[in-house]
Amino acid sequence: MSGPYVTPWRDPPVAAALVVGLPLALVWWAVPEGLPWWRSIAIVSAWGGMGLLLASLVLMVREPRVARFLGGLETAYRWHHRSGVAAYLLLLVHPLALAADAWAESPARAWQALAPWAQSWPVWLGWAALVLLMIGLAATFALNLSYRRWRGLHLVLAAGVPIGLAHVVVLLGSTGSGLALVALALLALGARFVVSDLGVAARPYRVTAVARRAAGVIEASLAPCAAALAVAPGQFVLAAFGEGPHYRGCGEYHPFTVSGVDRDAQLRVAVKALGPCSQRLQDLESGVLVRLQGPFGRFLGARRAEPALWIAGGIGITPFMAALRAGPLDADTTLIYLHREAAGAPFADELAALAAGDPRFELISCATGDRAPDFDALLAQADRLAERMIHVCGPPAMVDALAPRLRARGVAPGAVHFERFDFR
Ligand SMILES: Cc1cc2nc3c(=O)[nH]c(=O)nc-3n(C[C@H](O)[C@H](O)[C@H](O)COP(=O)(O)OP(=O)(O)OC[C@H]3O[C@@H](n4cnc5c(N)ncnc54)[C@H](O)[C@@H]3O)c2cc1C
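These remarks concern the structure in this document. (Residues numbered from 1 in each chain as written. Predicted model: local features only at pLDDT ≥ 70, side-chain atom pairs only at ≥ 80, totals over all residues. Heavy atoms only, no water.)

Let us look at the nonpolar core. Ranked by internal contacts, the top residues of the largest apolar core, which has 34 residues, are Trp 47, Leu 57 and Leu 59. Mapped by element, the contributors of at least two residues to this core are helix H1 (14–30), helix H2 (37–58), helix H4 (73–103), helix H6 (121–141), helix H7 (147–172) and helix H8 (176–197). Top element by residues in this core is H2. It accounts for eight residues. Of all hydrophobic cores here, the second largest spans 24 residues; its members include Val 237, Cys 250, Val 258 and Val 288. (Core = buried A, V, L, I, M, F, W, Y, C linked by side-chain atoms within 4.5 Å. Buried < 20%, exposed > 50% of the residue type's maximum accessible area, 1.4 Å probe, protein only. Helix = DSSP H or I, 4+ residues; strand = E, 2+ residues; numbered from the N terminus.)

Next up, the structure:
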């Protein structure tokens, strides 16, 4: 995911407005006057929490136009996360406030309000939804969880949403507004599943060539079978690779930044073996059908005439390859390319040839072995740092290590853009 290293309000705040506006609108519309204090809190927290949950659902739709409208996929995901956490906290207040309200009658009534077994099944639905949301959210904060486990637990969280909505509709009866809420939630969940996970609007491409760029790294050329996607260097696509005679596809969409946008509308993607699907892709063959969604992201979109510094870690070289292959550079550009071993770094030869042929392009190639790179020494090699537009792409740890060092050297936050190859 990409962004400047300090973001707050650079994007039109559509996603933020949704997260603030939807719960406020629901609370304004739903909360009756003249109720006891704790009862009012219970109702405000329930509707506010539902509003946040709905906003969070809308923000997880991965459709290129929707993503652009929301200020980019990365912004939408950031607010999806914030809104989900806030929703859970607010929904947790709901039963507690109901118990506090019952306390005025008697402590036994308060306990009854908290004990689901003393309640009817619509209340059980509410508790079930809270538990599912809690499991899903706990996974969100468990940083060491594998991606697949994390995704499974996130699906548990998603299951909590219709159950929570059923709780609301059964308790309130099928009022028009209750049903409108359900419709919006199902629409967002359905859009995410149909548009993104099933990829109904994805464009068909065919693999025309596969080249091995290094041990565990292949690059595939993809030709459009119908209308091509308008992808710019720095953007990424979601790709689902089909089956080949000797190759088994992954059957699910994975994000890959294009490493080349060729004149004949062919795209190139380079894939490093990092897990089950990307490992399988190392055996990809020509002729395989690929479905692509996108384009997403705007990394490198903010390039201007001032000198540039690009910093790539490992397979994070892909957006810069696409930019370099797109034609002559329009500004002096230094690329610091970090990789483990000098021999066999992906694209090393092509980069050396590009640097030899373009006086505006300087390549600083650095093999780090298994040690963490000496970022201070590397940054010292790039002169006029504070005047440069800086783009960083690579593993999250590298991005996190570079951000404070760049800040300490006087680089303005708005001049640094990063792309992390991580989607959580
Ligand atoms: C914006 C972006 C651009 C990327 N560009 C490239 C690229 O140009 N070349 C390249 O080799 N890799 C790229 N990646 C990483 C690539 O998507 C993962 O390596 C790949 O999906 C791993 O899947 P797996 O089943 O092999 O491994 P897993 O073990 O399942 O996953 C390894 C890691 O990949 C990520 N990941 C896995 N599946 C998905 C998914 N469906 N959606 C999102 N993230 C997932 C997770 O962060 C996970 O921790 C990019 C990732 C992102 C978010």
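So, next bit.
What follows covers the sheet that holds strand S4 (residues 236–241). Ordered by their spatial adjacency, six strands build a closed barrel running S2-S3-S6-S5-S4-S7, and the pairing between neighbours is antiparallel. Along the sheet, successive strands turn relative to each other by an average axial angle of 45°, direction set aside. Against the sheet, helix H10 (residues 318–325) contacts strand S2 (203–214), strand S3 (217–224), strand S5 (254–261) and strand S6 (267–272), and its axis sits at roughly 25° relative to S5. (Pairing = 2+ DSSP bridges. Axes fitted to C-alpha atoms, helices over the stretch in contact; angles between N-to-C directions. Contact = heavy atoms within 4.5 Å.)

Our next topic: the state of the cysteines. A full pass over the atoms with the stated rule returns one disulfide. Here Cys 250 engages in a disulfide with Cys 277; their sulfurs sit 2.1 Å apart. What sets the handedness of the Cys 250 and Cys 277 disulfide is the S-S torsion sign, and at about 90° it is right-handed. Here the residue Cys 250 occupies a position in the loop between S4 and S5, and Cys 277 occupies one in helix H9 (residues 276–280), the gap between them amounting to 27 residues. By the burial criterion, Cys 250 is buried, and Cys 277 matches it. (Disulfide = S-S within 2.5 Å.)

Before going further, it helps to spend a moment on the pattern of salt bridges. As enumerated under the stated definition, the model contains 16 salt bridges in all. Ionic pairing is found between Arg 109 and Glu 105, a salt bridge with its closest N-O pair at 3.2 Å. Among the residues examined, Arg 109 registers a relative accessible area of 35% and is labelled partly exposed. The class of Glu 105 is exposed, set by a relative accessible area of 61%. Between Glu 252 and Arg 151 there is a salt bridge, and its shortest N-O distance comes to 3.3 Å. Of this pair, Glu 252 sits in the loop between S4 and S5 while Arg 151 sits in helix H7, and the two are 101 residues apart along the sequence. Linked by salt bridges that have partners in common, Arg 213, Glu 219, Arg 325 and Glu 350 make up one network. (Salt bridge = Lys/Arg side-chain N within 4 Å of Asp/Glu carboxyl O.)

Burial analysis of S5 places six of its eight residues in the buried class, which makes it a mostly covered element. Bridging between S4 and S5 involves four bridges; their strand directions are antiparallel. Across the sheet, the residue bridging to Ala 239 is His 254, located in S5. For S5 and S6, the ladder comprises three bridges, and the chain directions are antiparallel. Among the inter-strand pairings, Val 261 is bridged to a residue of S6, identified as Leu 267. From the end of S5 to the start of S6, which pair antiparallel, there are five residues, and Ala 265 there has a positive phi angle of about 70°.

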